[in-house]
Amino acid sequence: MDAIREIIEDQTLQISDLTEIVKKQSEEIRVLKAKWRAKESLEEEARQQKIKDESSSWFFASRTSD
């Protein structure tokens, strides 16, 4: 009986440790996803600004050539 109790206690501790690991990894994944979204957002803003700059410079170039 003592051996069975020790096995169960050991498994309970292992489950507890694994639960903590999963919680930490979930938090890390959440942080990485937030960083990824922020990076994508900045890249999209830069792309939109580049398009805006290119289109406005073309407009001014075409207007001054008339």
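Let us look at the structure shown here. (Residues numbered from 1 in each chain as written. Predicted model: local features only at pLDDT ≥ 70, side-chain atom pairs only at ≥ 80, totals over all residues. Heavy atoms only, no water.)

Before going further, it helps to spend a moment on the overall build of the protein. Secondary structure assignment for the protein yields one helix and zero strands. Within the span of the protein, comprising 66 residues, buried residues form 0% of the whole. Summed over its atoms, the accessible surface of the protein is roughly 6,400 Å², and 60% of this surface lies on carbon and sulfur atoms. (Helix = DSSP H or I, 4+ residues; strand = E, 2+ residues; numbered from the N terminus. Buried < 20%, exposed > 50% of the residue type's maximum accessible area, 1.4 Å probe, protein only. Areas by Shrake-Rupley, 256 points an atom, 1.4 Å probe, with all protein chains shown as cover.)

A separate point is the pattern of salt bridges. In this structure the tally under the stated criterion is five salt bridges. Note that Glu27 and Arg30 form a salt bridge whose closest N and O atoms lie 2.5 Å from each other. On the criterion of helical spacing, the pair formed by Glu27 and Arg30 is a turn pair, its members being three residues apart in helix 1 (residues 2-64). Look at Glu27 and you get partly exposed, because its relative accessible area is 38%. Looking at Arg30, the relative accessible area reads 48%, which means it is partly exposed. Two residues, Glu44 and Arg47, come together in a salt bridge whose shortest N-O distance is 2.8 Å. Taken together, the positions of Glu44 and Arg47, both in helix 1 and three residues apart, correspond to about one turn of that helix. We classify Arg47 as partly exposed; its relative accessible area is 43%. (Salt bridge = Lys/Arg side-chain N within 4 Å of Asp/Glu carboxyl O.)

Turning our eyes to something else, we now look at a nonpolar patch on the surface. A contiguous nonpolar patch, built from Met1, Ile4 and Ile8 and spanning about 370 Å² of accessible area, is present on the exposed surface. Structurally, Ile4 can be placed in helix 1. (Patch = residues over 30% accessible without salt bridge, like charges linked within 9 Å, V, L, I, M, F, W, Y side chains within 5 Å.)

The analysis is restricted to geometry; functional conclusions fall outside its scope.
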